[in-house]
Number of protein chains: 2
Amino acid sequence: MSEARERVLDAAEKLFMDQGYAAISMRDIAGVLGLQQAALYYHVKGKEELFMAVVERNMQRQRTGLEQAIASAPDDLEAQLKAIAHWLVEHMPVDMIRMLRSDAAHISPTYASQLLRHVAESMMEPILSVIQPAQRRGEVQPMDPNLLAGMLIGVMNWVAYFDQEALLEMPTEAVIEQVIAVLLHGMIVR
Amino acid sequence: MSEARERVLDAAEKLFMDQGYAAISMRDIAGVLGLQQAALYYHVKGKEELFMAVVERNMQRQRTGLEQAIASAPDDLEAQLKAIAHWLVEHMPVDMIRMLRSDAAHISPTYASQLLRHVAESMMEPILSVIQPAQRRGEVQPMDPNLLAGMLIGVMNWVAYFDQEALLEMPTEAVIEQVIAVLLHGMIVR
DNA sequence: GTCTATAGTTCGATAGAC
DNA sequence: GTCTATCGAACTATAGAC
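As a starting point, this report considers the structure included with it.

Considering bend angle alone, the principal kink of helix α6 (residues 109–136) of chain B is centred on B:Met124 and spans about 40°; proline B:Pro126 follows within four residues of it. One or two residues past the end of α6(B) sits B:Gly138, with phi positive at roughly 80°.

This is the structure in structure tokens:
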């Protein structure tokens, strides 16, 4: 991919992920780059194609980022979940549900189902690859692992929001520590 | 409030909460009601005013719904969290973070800060009113209660999404049971 | 590769008939 | 209370000069 197209994707990614597909115009994206709106069409086919290219690149990064975070962590559940949480709070699109619902509703059905598959393969899969072995070892409760993975993403989505808006006075590292502790051992004092 | 305006708010609520402020046009809302777009302006001042009226009414319902759910439940942490979760999965707007970020970015700053305050007062407050006494009793870990409340909302947001899209084969009641069990006692087998 | 110009559509909002 | 008609602005996308 050309370096110029890469820069277009960078600008589009920031805007689309922050505010959503419908809320961002091609002029907004061109404006960030100091270009006229029409100039974008030399690099991309249209708004939908641009959005899907952004999503695909981002999801590819999620997958490799999560897999590397897991591979670099010690081979135990707590360390791996912390590594996942650490990656997610810094690199996850801040609103996954908007992507899966609102954004998906405004692109073609083909693209929408691709979007869902990308999230399943690039975000759910790596997390499941940590949870499921731990369940087989009898370490984790024998409940639906998709629910556990969804809970982790849902929580981290909220943490990432708190973090970006600076709504907690704790350092990010401490927040992750506490969140993972609750998910592993519960909020109840034992 | 007139019955007709109420119907306008109903239609707008469903569309706005599902797809977001920017993605919905006044024509979309009128279409659901079988009206011409211009007819809406007899009932509301404009799109922003309509959106804020929808948010305010919804948040008022969240507050009374949550407070009643808590009051009707037995006076113990687990029962009250389940009551909250039960209410949220059925009545929460499906994407709180989109409301607080994307939607807020497309309305006037005054309205945006009102939106934030409504969420704090109508959703966070009732949840805090359950968590904080339990912390004072020494029942819950002495961590930031806002973080715990945010975790609950984040998780329930994801559960509500799973539930609406029918991505889990369990009945909703069982999902809530498992989610609250994890938040209270952790996913680790003890 | 980026520009200007513009076609064609859709948007929020207003005016005025009924 | 709802309609038709319409305005001005913003949108995606294309054509063609440079």
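Anyway, onward from the coordinates.
Let us look at the packing of aromatic side chains. Under the definition given, this model contains twelve aromatic pairs over all chains. Taking 5.2 Å as the distance between ring centres and 90° as the angle between the ring planes, the aromatic pair formed by B:Phe16 and B:Phe51 counts as edge-to-face. In this pair, B:Phe16 sits in helix α1 (residues 3–19) while B:Phe51 sits in helix α3 (residues 47–72), placing the two residues 35 residues apart along the sequence. The residues B:Phe16 and B:Phe51 share a single accessibility class, namely buried. A centroid spacing of 5.9 Å and a plane angle of 50° characterise the contact between B:Trp158 and B:Tyr161, whose relative ring orientation is tilted. Residue B:Trp158 and its partner B:Tyr161 are both found in helix α7 (residues 145–164); the two are separated by three residues, about one turn of the helix. Taking relative accessible area as the criterion, B:Trp158 reaches 3% and is therefore assigned buried. Three or more aromatic residues joined by ring pairs form one cluster here, namely A:Phe16, A:Tyr21 and A:Phe51.

For the rest of this paragraph, the subject is the relation of the copies chain B and chain A. When chain B is brought onto chain A, the operation consists of a screw motion whose angular component is 180° and whose axial shift is 0.0 Å, with 0.0 Å RMSD remaining. With respect to symmetry, the two chain copies, as superposed, fit the operation of a two-fold axis. Every residue of chain B has its C-alpha some distance from the rotation axis, and the shortest such distance is that of B:Gly186, at 2.0 Å. Most of the interface of chain B is mirrored in chain A, where 100% of its interface residues again form contacts.

Residues and elements named next belong to chain A. This structure, assessed with the given rule, holds 28 salt bridges over all chains. Notably, a salt bridge pairs Glu121 with Arg117, separated by 3.8 Å at the nearest N-O pair. On the criterion of helical spacing, the pair formed by Glu121 and Arg117 is a turn pair, its members being four residues apart in helix α6 (residues 109–136). Overall, Glu121 belongs to the partly exposed group, its relative accessible area being 35%. Using a relative accessible area of 45% as the deciding quantity, one classes Arg117 as partly exposed. The network of salt bridges with common partners includes Glu6, Asp10, Glu13, Arg57 and Arg61.

Next up on the list: the protein's contact with DNA strand D. What surrounds DNA strand D is a group of 16 residues, the closest being A:Arg27, A:Gln37, A:Lys47, B:Gln36 and B:His43. Counted by atom, the contact set of DNA strand D within 4 Å of the protein is 61% sugar and phosphate. At 3.2 Å from a phosphate oxygen of DNA strand D is found a side-chain nitrogen or oxygen belonging to B:Tyr42. Counted by class, the surface near DNA strand D contains eight nonpolar, six polar and two charged residues.

With that settled, the discussion passes to the protein's contact with DNA strand C. The local shell around DNA strand C holds 15 residues, among which A:Gln36, A:His43, B:Met26, B:Gln37 and B:Tyr41 are the closest. Atoms of DNA strand C within 4 Å of the protein: sugar and phosphate make up 59%, bases the balance. Note that a phosphate oxygen of DNA strand C is positioned 2.8 Å from one of the side-chain N or O atoms of A:His43. Within the side chain of B:Gln37, one N or O atom sits 2.5 Å away from a base nitrogen of DNA strand C. Residue composition of the surface near DNA strand C, by class: eight nonpolar, five polar and two charged.

With that settled, consider the packing of helix α7 (residues 145–164) of chain A against helix α8 (residues 172–185) of chain B. It is at 11 Å that the axes of α7(A) and α8(B) come closest, and there the two elements cross at 55°. Taken together, the axes of α7(A) and α8(B) are oblique relative to one another. Crossing geometry of α7(A) relative to α8(B) is assigned as right-handed. Within the contact between the two elements, α7(A) uses A:Leu147, A:Leu148 and A:Met151 and α8(B) uses B:Val175, B:Gln178, B:Val179, B:Val182 and B:Leu183. For the contact of α7(A) with α8(B), the class distribution of residues is seven nonpolar, one polar and no charged.

On to the interface of chain B and chain A. Frequently, the measure chosen for interface size is the accessible area that the parts lose on association. Listed per partner, the contact involves 54 residues of chain B and 54 residues of chain A. Carbon and sulfur atoms supply 69% of the area that chain B and chain A bury against each other, a total of about 5,000 Å² over both sides. When the area that chain B buries against chain A is broken down by residue, the three leading residues are B:Arg101, B:Trp158 and B:Met187, summing to 18%. Between chain B and chain A we count four salt bridges in total. Here chain B and chain A share 24 residue pairs in polar contact (both at pLDDT 80 or more) between them.

Let us look at the environment of B:Pro142. With respect to the element layout, B:Pro142 can be found in the loop between α6 and α7. Residues B:Pro142 and B:Gln132 lie ten residues apart in sequence; the distance between their C-alpha atoms is 9.2 Å.

Definitions and cut-offs
Counting from 1, residues in each chain are numbered in the order their sequence is written. For naming, the first written chain is A and the first written ligand is 1, with later ones following in the order written. Owing to the predicted nature of the model, reporting of local features is limited to residues with pLDDT of at least 70; listing and counting of side-chain atom pairs is limited to 80 or more, with chain, interface and lining totals taken over all residues. As a rule here, side-chain values cover all heavy atoms of the structure and leave hydrogens and water aside. Bend is computed residue by residue as the angle between axes fitted to the seven residues ending at the residue and the seven residues starting at it. Numbering of helices and strands starts at the N terminus; helices are DSSP runs of H or I of at least 4 residues and strands are runs of E of at least 2. Under the pairing criterion, centres of Phe, Tyr and Trp rings, with the six-membered ring standing for Trp, must be within 6.5 Å; the plane angle then separates stacked pairs below 30 degrees from edge-to-face pairs above 60, leaving the rest tilted. A simple rule labels every residue: compare its accessible area, found with a 1.4 Å probe on the protein chains alone, to the largest value its type can have, and call it buried under 20%, exposed over 50%, or partly exposed in between. When the copies are superposed, the least-squares fit takes in the C-alpha atoms of residues with a pLDDT of at least 70 in both. For this analysis, residues touch if any pair of their heavy atoms sits within 4.5 Å. Throughout this description, the term salt bridge denotes a Lys or Arg side-chain nitrogen within 4 Å of a carboxyl oxygen of Asp or Glu. Here, proximity means that at least one heavy atom of the residue falls within 4 Å of the molecule or strand. Side-chain atoms alone can form a polar contact between residues adjacent in sequence; in general such a contact is a pair of N or O atoms within 3.5 Å, and within protein one must be able to donate a hydrogen while the other accepts it. In the scheme used here, Gly and all other residues not listed as nonpolar or charged are polar, with Ala, Val, Leu, Ile, Met, Phe, Trp, Tyr, Cys and Pro taken as nonpolar and Asp, Glu, Lys and Arg as charged. Note on method: axes are straight lines fitted to C-alpha atoms, helices fitted across the in-contact stretch only, with angles between N-to-C directions ranging 0 to 180 degrees. Working definition: roughly parallel below 35 degrees, roughly antiparallel above 145 degrees, roughly perpendicular at 65 to 115 degrees, and oblique for all remaining angles. The crossing is said to be left-handed when, going from far helix to near helix, the turn is anticlockwise and less than a right angle, and right-handed when the turn is clockwise. Here the quantity called buried area is the total loss of accessible area, with a 1.4 Å probe, experienced by two parts when brought into contact, counted for both.

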